[in-house]
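Geometric and topological summary
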Amino acid sequence: LVADIEDRMRVPVPPGLTGEDLKWMWVQVSIMTRPTKPEKIEGATGWEYWRYERPRLNELWNFYRENFKTERQNLLTEYCEDAEKARARYGDVGDYNEIMNMIQNIMDTPAKKTPKIKYSGFPPMLDEETIRNTFAEFGEIVKLEITPAVDEMGDVSGTVEFDSAEGASKAIKQWNGVDMGMGTRLRIEMIE
């Protein structure tokens, strides 16, 4: 951990820090050195608009990516760009009509803002207190659930329930996509 911190910050870590201090330092270093994330683009249309307006569409796209369903990823993005054109192009192909209907239903249903998020990607050496303190800056935590890493190469995941949907939104904006080093990137999503 010391080597990772020093590599990222390019300065030596002060001697005598406790393990807890090093964990906190790693979290702070990760925040300070994280790349900027793309924000919602003003005036965006098509896929770039819908992926921010309906997070479930982005989740569906990621699901297709993770399961090597490239043709369905393409269908999803094309449908968001121009539904009529996509229906004309894919209307007679397998179960694509059913998929397009599902996409349209998601587009027609406003995203719900809830106080609950799910997360994954924390390094295995972080404990409950560190994770709790990481999220506590965004609001009061009503409930925190942690699923420990299965081994030293895995990541810690779980759920957080805040006292308000605003706290959940802030946590997502601040932490989603942050590179935690050691092969982990935080993934944080609202639970509907």
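Located above this text is the structure these notes cover.
Parameters and conventions
- Residues numbered from 1 in each chain as written.
- Predicted model: local features only at pLDDT ≥ 70, side-chain atom pairs only at ≥ 80, totals over all residues.
- Heavy atoms only, no water.
- Pairing = 2+ DSSP bridges.
- Helix = DSSP H or I, 4+ residues; strand = E, 2+ residues; numbered from the N terminus.
- 1 Å grid on protein atoms, 1.4 Å probe; cavity = no way out; pocket = protein on both sides within 12 Å on 5 of 7 lines; lining within 4 Å.
- Points joined across faces, edges and corners; volume = space filled by probe spheres on them.
- Nonpolar A, V, L, I, M, F, W, Y, C, P; charged D, E, K, R; others polar.
- Axes fitted to C-alpha atoms, helices over the stretch in contact; angles between N-to-C directions.
- Parallel < 35°, antiparallel > 145°, perpendicular 65-115°, else oblique.
- Contact = heavy atoms within 4.5 Å.
- Buried < 20%, exposed > 50% of the residue type's maximum accessible area, 1.4 Å probe, protein only.

In the case of a regular strand, side chains alternate between the two sheet surfaces. Where strand β1 (residues 116–122) lies against strand β3 (residues 156–162), six bridges are found, and the strand directions are antiparallel. For S120, the partnering residue across the bridge sits in β3 and is S157.

In this structure the tally under the stated criterion is one cavity of 30 Å³ or more. Computed from the structure, the largest cavity encloses a volume of approximately 50 Å³. Around the largest cavity sit R54, P55, R56, I106, T109, P110, A111 and E192, which together line it. Class assignment for the residues of the lining of the largest cavity results in four nonpolar, one polar and three charged.

Where helix α5 (residues 70–81) contacts helix α6 (residues 83–90), the two axes come as close as 5 Å, and the packing angle between them is 135°. Comparing the axis directions of α5 and α6 gives the class oblique. Between α5, through L75, E78, Y79 and E81, and α6, the contact on the second element is made entirely by A83, A86, R87, R89 and Y90. For the contact of α5 with α6, the class distribution of residues is five nonpolar, no polar and four charged.

Moving on, we come to the environment of V27. Within the secondary structure, V27 is located in helix α2 (residues 19–33). With 86 residues separating them along the chain, V27 and K113 place their C-alpha atoms 26 Å apart. In this view, V27 contacts L126, T130, T134 and W175; residues no more than four positions away in its chain are not counted.

A word on the environment of D95. With respect to the secondary-structure elements, D95 resides in the loop between α6 and α7 (96–108). Taking relative accessible area as the criterion, D95 reaches 34% and is therefore assigned partly exposed. As a C-alpha pair, D95 and G139 span 44 residues in sequence and 43 Å in three-dimensional space.

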